[in-house]
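# Topology and contacts: notes
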Amino acid sequence: MSISLEEKIAHLPARPGVYQFKDNRGNYLYVGKAKRLRNRVRSYFLDSANHDGRIRVMVKKIDDVEVIVTDSEAEALILENTLIKRHQPRYNIMYRDDKSYPYVCVTHGARPRVYPTRTLVKDGSTYFGPYDHVGHLRRLLETIRKTFDLCTCAVSPKMIDKTRGVPGWHSCFDDYLQNCSGDWDAEKYLPVIEKVVKLLSGKTEGLMREIREEMEIASQALAFEQAAKLRDSLLSIQKYNQKMKIVDSKKNNRDLFAIEPDYELGEACGVLFKIREGKLVGKFHRFLKNIDGLGLDVMMQSFLEDYYTDSLTGGSGTIPDEVYISHEMEDEEPLGQYLWEQHGKKVPIHVPKIGEKRQLVQMALSNARLKLGERRIEKEKADKERIPKSIKDLKEYLYLNRLPRRIECFDNSNIQGSDPVASMVTFVDGKPKKSGYKKFRIQTVSGPDDFASMKEVIKRRYSRLKAEKSQPPDLILVDGGKGQLNAALAVLREINYLENCDVAGLAKRLEEVFLPGKSDPVMIPKTSPALKLLQLARDEAHRFAITYHRKKRGQRTIKTELTNIAGIGDKKAQKLLKHFGSVKKIKESNLETLQEFLGKKTGKVVYQSLHSE
């Protein structure tokens, strides 16, 4: 007999672990960690829980929950990261690297090899990086070759077919083909690898100190050739060290993280600066997706946890002495415990408020904003090149001359001719573009004449576009049947603008589309995305017109109520409304308050007029 979801939740242990929500098809919805599994999982299903819309939608889809108990939150943190990468649940924050960053790999085994790569493999190797600039990586590899005579190729010399030549990117074979470090004995090879790891870890000060001591010992032993070689190695490291950007005068080992969201784009950008011995040794950025409804504290925690628990790039060798972040984390305890276990001592996590560290975090934030700006441009370019099906279908159904990528839709609104207004909404590639919305107050028409009102707004809109030589829309859509369409066509002919765009009218009754020169309407299938787009544009124009009409009518009513008071004109009425907020609040104010704002005489008149009943 199967156990229900409610029974599972009721019997969850109050221990650390990972929980996995699934839908009725067994698809993973969300993977999370908890200090107490029972409390955390139950919190999703409490009626009083103040969840955002995204979580409420997810909870409705949950059909099953699986948990894995761990000994600590730190273990749960690692397991959570592994499961998220494996299953990629719909409601977890997901990551997208902007590019494939290069790393330096130090392989695992009796004779480790050092080489550049963009592919990370779980084979026990250690990866240093990522490096945001290939030039920095090449300079580092050149330093390794010159300092230690170490081959940094990804293959052994024995694998090369000399009759076919060496691959072009194996540049170090030019120097070491005859005397490759792959032939060194273990006693010579392994100490060199240890020094290379120190250099890759940014511990250049200690490495230079070690080489100096070896050089002095060689000099005292009269091994002048060896001492000269060590001197050249020292100079090579010093030259590399001088080119590194010093950003921390105290020469500390720090990681700086910054998060910048763009909710309209639906992504955030996380930036990491790696500082070792005061030098900026590396930086990289990642884009976070699925961020709707999430706060910066949640995103910041996810970014740090994902980085440090990554089995390939987040090992103990990459953990600094301190971490600085741009925003507070939701709960830093699990990560703090994990970093302590990995580093052997506490790693403080702070949000700097002032000074040098704050400036570095601000610099990371500026980089994040820059990357988001570039990402937005990329996405807009991709969206512009991608044409929605509704647009393609609309062109075919209505026999249009061009793809209706930009649609401008018009509607009128009035009550028995009072406060007549009109609206225009703009849709670009099937989506509303709010910056293109326009409101019109009807100026030349008296009484409820929809045809005349449509003529006025069409003439005003496209006479102006013609004068400004602005880009015309692909399709003008008017709300109504033949009458409204003919009114729009007459004006467009009058101003000689009809050749610039297509025109159509959408009647509400049967969702009929009327076209110029055709007596019968076009009936687009009810399920077609093309009809849904026209309906959406028509309904949005209607909503926008009604909202504007109600606002104008309300302003007129309020203004009349105030301007009927002796001594209160238009300007003073507006001043009163701006100060108090509404007529109701003006009425609720006592005599002293009104006199203080308007003066004794006018304040008394207003008070008596509003309380005459």
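Attention in this report is confined to the structure presented alongside it. (Residues numbered from 1 in each chain as written. Predicted model: local features only at pLDDT ≥ 70, side-chain atom pairs only at ≥ 80, totals over all residues. Heavy atoms only, no water.)

## Some thoughts on the nonpolar core
How we decide: By convention a nonpolar core is built from buried Ala, Val, Leu, Ile, Met, Phe, Trp, Tyr and Cys residues, the set being connected through side-chain atoms within 4.5 Å. When a residue's accessible area, from a 1.4 Å probe over protein chains only, is under 20% of the maximum for its type it is buried; when over 50% it is exposed; and in between it is partly exposed. A run of H or I in DSSP becomes a helix once it reaches four residues, and a run of E becomes a strand once it reaches two; helices and strands are each numbered from the N terminus. By the convention used here, residues are in contact when the closest approach between their heavy atoms is within 4.5 Å.
Of all hydrophobic cores here, the largest spans 33 residues; its most connected members are Phe 257, Leu 304, Tyr 308, Ile 325 and Leu 335. Secondary structure elements with two or more residues in this core: helix H4 (73–87), strand S5 (103–106), strand S8 (254–262), strand S9 (267–276), strand S10 (279–289), helix H10 (296–308), strand S11 (322–325) and helix H11 (333–343). For this core, the element with the most residues is H10, which contributes 6 residues. Filtering out sequence-adjacent residues up to four positions away, Ile 325 remains in contact with Phe 257, Met 300, Leu 304, Ile 349, His 350, Val 351, Pro 352 and Val 361. Formed by 27 residues, the second largest nonpolar core is a distinct cluster that contains Val 192, Val 196, Leu 207 and Met 215.

## Notes on the sheet that holds S5
The strands that make up a sheet pair up through hydrogen bonds in the backbone, lying either parallel or antiparallel. Basically, it comes down to this: The pairing criterion for strands is at least two bridges between them, as found by DSSP. Axis geometry follows a simple rule: fit a line to the C-alpha atoms, using only the stretch in contact for helices, then measure angles between N-to-C directions, giving values from 0 to 180 degrees.
Spatially, 3 strands are ordered S6-S5-S7 in an open sheet, and the strand pairing comes out antiparallel. Across the chains shown, the open sheet's two edge strands, defined by having one partner strand only, are strand S6 (114–117) and strand S7 (126–128). Across this sheet, the average inter-strand angle for adjacent strands is 30°, counted without regard to direction. Strands in contact with helix H5 (residues 134–148) are S5 and S6; relative to S5, the strand with the most contacts, it is inclined by about 35°. Across the face of the sheet, helix H7 (residues 186–200) comes into contact with S5, S6 and S7 while running at roughly 155° to S5.

## Details of the packing of H4 against H11
Stated precisely, the cut-off is as follows: Angle categories are assigned with fixed cut-offs, so that under 35 degrees is roughly parallel, over 145 is roughly antiparallel, 65 to 115 is roughly perpendicular, and the rest are oblique. For this classification, the nonpolar set comprises Ala, Val, Leu, Ile, Met, Phe, Trp, Tyr, Cys and Pro, the charged set comprises Asp, Glu, Lys and Arg, and every other residue, Gly included, is treated as polar.
Between H4 and H11, the shortest axis-to-axis distance is 8 Å and the interhelical angle comes to 95°. When the axes of H4 and H11 are compared, the pair comes out roughly perpendicular. Counted together, Glu 73, Ala 74, Leu 77 and Ile 78 of H4 and Glu 333, Pro 334, Leu 335, Gln 337, Tyr 338 and Glu 341 of H11 form the full contact between these two elements. Residue classes in the contact of H4 with H11 are distributed as 6 nonpolar, 1 polar and 3 charged.

## Describing the environment of Leu 475
Relative to the assigned elements, Leu 475 resides in strand S17 (residues 475–479). Residues Leu 475 and Asn 500, spaced 25 residues apart in sequence, show a C-alpha to C-alpha distance of 9.4 Å. In this structure Leu 475 touches Leu 394, Leu 400, Pro 404, Arg 406, Ile 407, Glu 408, Asp 502, Val 503 and Ala 504, once residues within four positions along its chain are discounted.

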